[in-house]
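# Chain and residue survey
Given next are the chains, with one letter for each unit.
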Amino acid sequence: MIEYKCEISNEEGYIKYNHFEISDALQTILREDYFVYNTDSFAHEKTVENLYKKNFTEKYNRDENQQMFALYIDNEKFQEKVKFIYSIIDPEKYQKFAQLNKELDNPNELTITYNIIDSQNTKVQMYHLSIVDIAFVF
């Protein structure tokens, strides 16, 4: 398990951090700069939007897939989760990982946990994802 902490903001001494806990096996699919998610240094906004359009809004027809839109595509929390995944996972690295690992014995053990921690050590868990969640959006 790898753990990484990166400062998001510092407002008059009140600091917020990205905090990631990632299974070792998933380290190979991360963007090189995944830890700058939610910071001013994050530079993948267009890529994230394009992936969301390609894999969801442009992939499905609203009239033919009304349930898909109602349950997922129009759901703001789902959009946020998907865009988080696209922000930290490199699509090409994920594709290679999927080709090499067609079957996984314990997919629920391959996880990414993302928290926000502040300077007072208050931790708020934002996402706890497994490889199954990641596979669903790619």
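Residues numbered from 1 in each chain as written. Predicted model: local features only at pLDDT ≥ 70, side-chain atom pairs only at ≥ 80, totals over all residues. Heavy atoms only, no water.

## Examining the side chain of Asn18
Along the chain, the position of Asn18 falls in strand β2 (residues 14-22). There is a polar contact of 2.4 Å between the side chain of Asn18 and the backbone oxygen of Tyr37. Among the polar contacts made by the side chain of Asn18, one reaches the side chain of Tyr114 at a distance of 2.5 Å. Residues within four places of Asn18 in sequence aside, it is in contact with Tyr4, Lys5, Cys6, Ile8, Phe35, Val36, Tyr37, Asn38, Thr39, Tyr114 and Asn115. (Helix = DSSP H or I, 4+ residues; strand = E, 2+ residues; numbered from the N terminus. Polar contact = N/O pair within 3.5 Å; in protein donor to acceptor, adjacent residues only side chain to side chain. Contact = heavy atoms within 4.5 Å.)

## Here we look at the nonpolar core
Considering soluble globular proteins, one finds that nonpolar side chains tend to be buried as a cluster. Counting residues in hydrophobic clusters, the biggest one holds 36 residues, and the most contacted among them are Phe56, Phe84 and Ile89. Discounting residues that sit within four places of it in the chain, Phe84 has contacts with Phe20, Tyr37, Tyr114, Tyr127 and Leu129. (Core = buried A, V, L, I, M, F, W, Y, C linked by side-chain atoms within 4.5 Å. Buried < 20%, exposed > 50% of the residue type's maximum accessible area, 1.4 Å probe, protein only.)

## Let's talk about the sheet that holds strand β1 (residues 2-11)
Read from one edge to the other, the open sheet built from four strands follows the order β1-β2-β3-β4, with strand pairing classed as antiparallel. Lying at the two open borders of the sheet, with one neighbouring strand each, are β1 and β4 (123-130). Neighbour-to-neighbour, the strand axes of this sheet turn through a mean angle of 15°, independent of strand direction. As paired strands, β1 and β2 are joined by nine bridges and run antiparallel to one another. Along β2, the bridge assignment pairs Tyr4 with Phe20. Contacting β2, β3 (111-118) and β4, helix α3 (residues 76-88) crosses the sheet at an angle of about 80° to β4. (Pairing = 2+ DSSP bridges. Axes fitted to C-alpha atoms, helices over the stretch in contact; angles between N-to-C directions.)

## Description of the layout of surface pockets
By volume, the largest pocket amounts to about 290 Å³. In this structure, the largest pocket is lined by 18 residues; those nearest its centre are Tyr37, Glu80, Lys83, Phe84 and Tyr127. Mapped by element, the contributors of at least two residues to the lining of the largest pocket are α1 (45-57), α3, β3 and β4. Per element, the largest residue contribution to the lining of the largest pocket is eight residues, and it comes from α3. For the lining of the largest pocket, a count of residues per class yields nine nonpolar, three polar and six charged. (1 Å grid on protein atoms, 1.4 Å probe; cavity = no way out; pocket = protein on both sides within 12 Å on 5 of 7 lines; lining within 4 Å. Points joined across faces, edges and corners; volume = space filled by probe spheres on them. Nonpolar A, V, L, I, M, F, W, Y, C, P; charged D, E, K, R; others polar.)

## A look at the packing of α1 against helix α2 (residues 66-73)
Interaxial distance between α1 and α2 falls to 12 Å at its minimum, and their mutual angle equals 145°. Listed contacts from α2 to Tyr52, Phe56 and Thr57 of α1 are Met68, Phe69, Tyr72 and Ile73.

So far we have only geometry, and geometry alone does not tell us how the molecule works.
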